[in-house]
Amino acid sequence: MENKKDLWWKQAVIYQIYPRSFQDSNGDGIGDLKGIISRLDYLEELGINAVWLSPVCQSPQDDNGYDISDYEKIDPMFGSLQDMEILIQEAEKRKIKIILDLVLNHSSDEHKWFQEAKKSKDNPYHDYYVWRDGEEGVYPNEMESVFGGPAWEWVPELKQYYFHQFSVKQPDLNWENPKLRREIYDMILRWMDKGVGGFRLDVIDQIAKDPELKVTCNGPRLHEFIQELSRETFQKGNLITVGEAWGADVERAKLYSNPDGSEFSMVFQFEHIGLDQEEGKTKWDIAPLSLVKLKKTMAKWQTELHDCGWNSLFWNNHDLPRIVSRWGNDKKYWKESAKMLATLLHGMQGTPYIYQGEELGMTNVDFQDIGQYQDIETLNMYKQRIREGYTKEEIMESLHKKSRDNARTPMQWSHEKNAGFTTGTPWMELNKNYETVNAVSEMEDPDSIFHYYKKLIQLRKDQSIFVNGDFRLLLEEDESVFAYVRTEGTQEILVCANFTENIIDCPLLRQWEKHHPETKYLIHNYEDEGDIGKLRPYEAMILG
Ligand code: TEU
Ligand code: CA
C-alpha cells in the first residue's frame, strides 16, 4: 500500500508541552489548557508546527497523568473538553497542530474498566488486564516494575495477581483481548473527529507482552497489533504518529516508520540517550559520554533509516535531564553549548522535537532535599537506595543528574515572581535561575538561545536539504569535533561542532573553504567568524 498523503510532519518542528508545568491560568499553581492557549503566540513566534501535549485526560496523577482513568474526559485540573476544543481551534488559526499523548500500555487502576475487572474473574472487563492465579506472597515470577518493587499486585478477593510494568496504580492492559482493542480504536477515532493532528504513543513497544516468558517489550504480536491499530485509526486521517520505543533498534524502526504508512510516522528511540549509562546498570549509574560513540550511534540511525524510514530528533523530554546540563556546559559556556547541541540536532534528517524550556536553555535543578522532588520514579529510587545503603549525598548526586524532575520544574517565562508561571504556589519549586534564564529576557536579546532556535527552525523551512539530504559523518574517531555533511543533488552543507570547552584545531574547515570558496555561514553560534581553522569552546556552525 503506497502512502499517498502529504507527509507534512517531515517538514515540521514539534514542541513538547508538559501541561502541569507550562502555564497556570487560574492561580492553583498547576499549568492548564487555558494557560497553553494564552501562550500560543509565543509558540507561533518560535515557528513550531505542532505541539505534543503530555496527558491531560482524567487521572489520579500517580504518575503525573500517565495513569489515565478516563481517556475521553479532560482532568478538571487542566480544564474542560471545551478548553481542549478551543485550544485545537486557536492552534489551527496559527497553523499549529495538537498532538495528544495516548497511554495504551496501561490504564489507571481507577479506570472503570479496572474497577469492573477486579470485581470477579468472569466480569466482562476482567480480561482487559493481565491476571495470574496464585497465593499471597508467592509472586508468579520475580519481574520488577520500572518504578521499583514487584510487577505483580495481589487482589485477595480474586486470589489473583495483576501485572503492572509501572506503578501499582498502572495495571497493564491486555492487548490479546480484541474487545479491548476495539474500544481503544473507537476512542482514538473520536479524538480524531475532534480535529487532533496526531498522537504520541506511550511505551508502545511494551503492549505485546508475555509475563510468563518475562517478555515485556517487542513481544511476538507487537507489529500485528500496531498495524491493526494504524489501519483501524490513524490511516483514516492525515496525522503524525510517534511511538515511544525504548526497545527499538534500526531494524524495528524500519517497520515502525515504514514509508508505506502501515505503522507510525516515526518512533522515539533512545540508543543515543543511554550512552552515558554504565553498561548493564541503571540510569542512575552514570558513565562519561564518549563523543565517538554518540557520533557513530546517531550516524547509524541517519544512514540506515534514509529513504526507508524516518527519524525523530530529540535531546530532551519530560523524562530526561536537560541536555545543556547533561552533555553541554550549563555554567561557563551555557549559551554556546546550548546552541551547539541544537545546531547538531537540527542539521540532521528527521523531525526535530523541542521540549518546553529547551529553547531558553533551561538547566537541571539542584534541589537539596528529597522533599522538593515529586516524581514517583525519583521518590521510589530514593527509598530503595537508602534501603540499599547508599548515602544521601550519593543519591542526591544521581538525582541532580538524572531525575525526571529536572525536566518538570515550571516553565520560566519572566524574571517576575514564580517566573510568571503562576500567581499561586507552584506545584513544584522553580529552578532558582529563572531570574536570568527566562523567555522575556531572551526574546529581548537577539543573541539569545531562543532566537537561535527560531533561526534554526526557519532554516529548515527555507532549505529542503535539511529534510531530504543524505548524511555523511566526518572525523569519525575525533573525540572533540562532531561534523557531518548533508547532500542534496549538487548542494552540500557542512555541520561542524566543537563538543568541548577547549580551542580545537580543525583543518576540515580550511579544506571545506578551499573546495567551497563561496561558502557562507547559514548559522553560527559565535557573533564573529573567528579563525576558520580553529573551533572555539562549543563553537558550532552550518556552512552552505
Ligand atoms: O516512559 C517510559 C519509561 O520507561 C520511562 O519512564 C523511562 O523508563 C524512565 O523515565 C527513564 O528515566 C513513559 C512516559 O514517558 C513516562 O513519563 C511514564 O512514567 C511511563 O511511560 C509510564 O507511562
Ligand atoms: Ca491551573
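Preceding this section is the structure that the text describes.
Here is a short report on the structure shown in this document. Note that the structure is predicted; figures quoted are calculated from it, not measured. By convention here, each chain's residues receive numbers from 1 onward along its written sequence. All chains are assigned letters beginning at A, and all ligands numbers beginning at 1, according to the order in which they are written. Since the coordinates come from a predicted model, pLDDT governs what is reported: local features require at least 70, and pairs of side-chain atoms require 80 or more to be given and counted, while whole-chain, interface and lining totals use all residues. With hydrogens and water stripped out, all remaining heavy atoms of the structure feed into the side-chain values.

**Observations concerning the overall build of the chain**
Just so we agree on the cut-off: Helical segments are the DSSP runs of H or I of at least four residues, strand segments are the runs of E of at least two, and each set is numbered from the N terminus. Here the globule rule is a power law, 2.2 Å times the number of residues to the power 0.38, and the radius of gyration is based on C-alpha atoms. Burial here depends on accessible area, computed with a 1.4 Å probe over protein chains only, as a share of the maximum for the residue type. Under 20% is buried, over 50% is exposed, and the range in between is partly exposed. When checking whether two residues touch, look at their non-hydrogen atoms; a contact exists if any pair is within 4.5 Å. All accessibility values rest on the Shrake-Rupley procedure with a 1.4 Å probe; residue burial counts only the protein chains present in the view.
Secondary structure assignment for the chain yields 16 helices and 20 strands. A compact globule built from 544 residues should have a C-alpha radius of gyration of about 24 Å, and the chain, at 23 Å, falls within 12% of that. In terms of overall dimensions, the chain has C-alpha extents of about 75 × 55 × 45 Å along its principal axes. Counting every position in the chain, which comprises 544 residues, the buried fraction comes to 61%. Long-range pairs, those at least 24 residues apart, make up 69% of the contacts in the chain with a sequence separation of at least 6. For the chain, the accessible area works out to roughly 21,300 Å², and carbon and sulfur atoms hold 49% of it.

**Observations concerning the site of ligand 1**
The condition that has to hold: One heavy atom within 4 Å of a molecule or strand makes the whole residue count as near it. By the criterion applied in these results, polar contacts are pairs of N or O atoms within 3.5 Å in which, for protein atoms, one can donate a hydrogen and the other can accept it, and in which residues neighboring in sequence qualify only through two side-chain atoms.
Surveying the vicinity of ligand 1 reveals 18 residues, the closest of which are D63, D202, K283, D319 and R404. In this structure, an oxygen atom belonging to ligand 1 sits 3.2 Å away from a side-chain N or O atom of E244. Protein coverage of the free-state accessible area of ligand 1, which is 480 Å², stands at 94%.

**What about the coordination of the calcium ion (ligand 2)?**
Basically, it comes down to this: Donor selection uses N, O and S atoms within 2.8 Å of the metal (3.2 Å for Na, K and Ca). Since no water is included, sites may look incomplete.
The coordination sphere of the calcium ion (ligand 2) contains the protein donors D24 (OD), N26 (OD1), D28 (OD), I30 (O) and D32 (OD), at a distance range of 2.2 to 2.4 Å. In primary-sequence terms, the residues that donate to the calcium ion (ligand 2) follow D-x1-N-x1-D-x1-I-x1-D.

**Some words on the sheet that holds strand 15 (residues 481-488)**
Stated precisely, the cut-off is as follows: The rule for pairing is simple: two strands pair if DSSP sees at least two bridges between them. Every axis in this analysis is a line fitted to C-alpha atoms, fitted for helices over the stretch in contact. Angles between the N-to-C directions lie between 0 and 180 degrees.
The sheet built from five strands is open, its strands ordered 14-15-16-20-18 with antiparallel pairing. Of all the strands in the sheet, the pair left with one neighbour each is strand 14 (470-474) and strand 18 (521-524). The average angle at which neighbouring strand axes cross in this sheet is 15 degrees, direction not considered. Alignment of strand 16 (residues 491-498) against strand 20 (residues 540-543), held across four bridges, turns out to be antiparallel. Following the sheet pairing, V495 is matched in strand 20 by I542. Here helix 10 (residues 334-346) sits on the sheet in contact with strand 15, strand 16, strand 18 and strand 20, set at roughly 145 degrees to strand 16.

**Side note on the sheet that holds strand 7 (residues 152-155)**
Here three strands make up an open sheet; going across it, the order is 6-8-7 and the pairing antiparallel. Both edges of this open sheet fall to strand 6 (131-133) and strand 7, since each of them pairs with a single strand only. For this sheet, the mean angle separating the axes of adjacent strands, direction not counted, is 30 degrees. In this sheet, strand 8 (residues 160-163) lies alongside strand 7 in antiparallel orientation, the contact comprising four bridges. Bridging across to strand 8, W152 finds its partner in F163.

**Observations concerning the packing of aromatic side chains**
Formally: Centre distance within 6.5 Å is the pairing criterion for rings of Phe, Tyr and Trp, where only the six-membered ring of Trp is used; planes under 30 degrees apart are then read as stacked, over 60 as edge-to-face, and the remainder as tilted. Any Lys NZ or Arg CZ found within 6 Å of a ring centre and within 35 degrees of that ring's normal is scored as a charge over the ring.
Per the counting criterion, the structure on display carries 31 aromatic pairs. The interplanar angle of 70 degrees and the centroid separation of 6.2 Å between the aromatic rings of Y15 and F22 together place this pair among those described as edge-to-face. Here Y15 falls in the buried class, since its relative accessible area comes to 0%. Ring centres of F268 and F314 lie 5.3 Å apart, and the angle between their planes is 75 degrees; on these two criteria the pair is classed as edge-to-face. With F268 in strand 11 (residues 266-268) and F314 in the loop between strand 12 (312-313) and helix 9 (323-326), this residue pair connects regions lying 46 residues apart in the sequence. Across the pair, exposure class does not vary: F268 and F314 are buried alike. Taken together, the ring pairs in this structure connect W52, W246, F268, F270, F314 and Y353 into an aromatic cluster. Of note, R39 hangs over the ring of W413, and the distance from its end group to the ring centre comes to 3.8 Å.

**What about unusual backbone geometry?**
Located in the positive-phi region is Q61, a residue other than glycine, with phi close to 65 degrees. As for its position among the elements, Q61 is in the loop between strand 3 (57-58) and strand 4 (70-74). Unusually for a residue other than glycine, K214 sits at a positive phi of about 60 degrees. Tracing the backbone shows K214 in the loop between strand 9 (198-201) and helix 6 (222-232).

**Some points on helix 12 (residues 392-402)**
Counted only if it meets this: When we speak of the arc, we mean the arc of directions from the helix axis to the C-beta atoms.
Looking only at helix 12, the buried set comprises I395, M396, S398, L399 and K402. Buried positions in helix 12, seen along its axis, are confined to an arc of 160 degrees and lie on one side of it. If you follow the buried residues of helix 12, they end up packed against helix 9 and helix 11 (376-387).

**Describing the side chain of R408**
Relative to the elements of secondary structure, R408 occurs in the loop between helix 12 and helix 13 (439-444). At 2.7 Å, the side chain of R408 and the backbone oxygen of H318 are in polar contact. For R408, the contacting residues outside a window of four places in its chain are Y18, S21, N64, H318, D319, D375, W427 and M428.

**So, the packing of helix 10 against helix 14 (residues 449-462)**
Going by this rule: These descriptions rest on fixed angle ranges, namely under 35 degrees for roughly parallel, over 145 for roughly antiparallel, 65 to 115 for roughly perpendicular, and the rest for oblique. The crossing is said to be left-handed when, going from far helix to near helix, the turn is anticlockwise and less than a right angle, and right-handed when the turn is clockwise.
Interaxial distance between helix 10 and helix 14 falls to 10 Å at its minimum, and their mutual angle equals 15 degrees. Between helix 10 and helix 14, the crossing angle belongs to the class labelled roughly parallel. In terms of crossing hand, the pair formed by helix 10 and helix 14 is right-handed. Residue-level inspection shows W334, K335, A338, K339, A342, T343 and H346 of helix 10 in contact with helix 14, the latter providing I449, Y452, Y453, L456 and R460.

**Some details on the pattern of salt bridges**
Rules: Salt bridges are identified by distance alone: a Lys or Arg side-chain nitrogen within 4 Å of an Asp or Glu carboxyl oxygen.
A complete count under the given rule lists 47 salt bridges for this structure. Linking E224 and R221 is a salt bridge whose minimum nitrogen-to-oxygen distance equals 2.7 Å. Note on E224: relative accessible area 42%, which makes it partly exposed. Judged by relative accessible area, which is 26%, R221 ranks as partly exposed.

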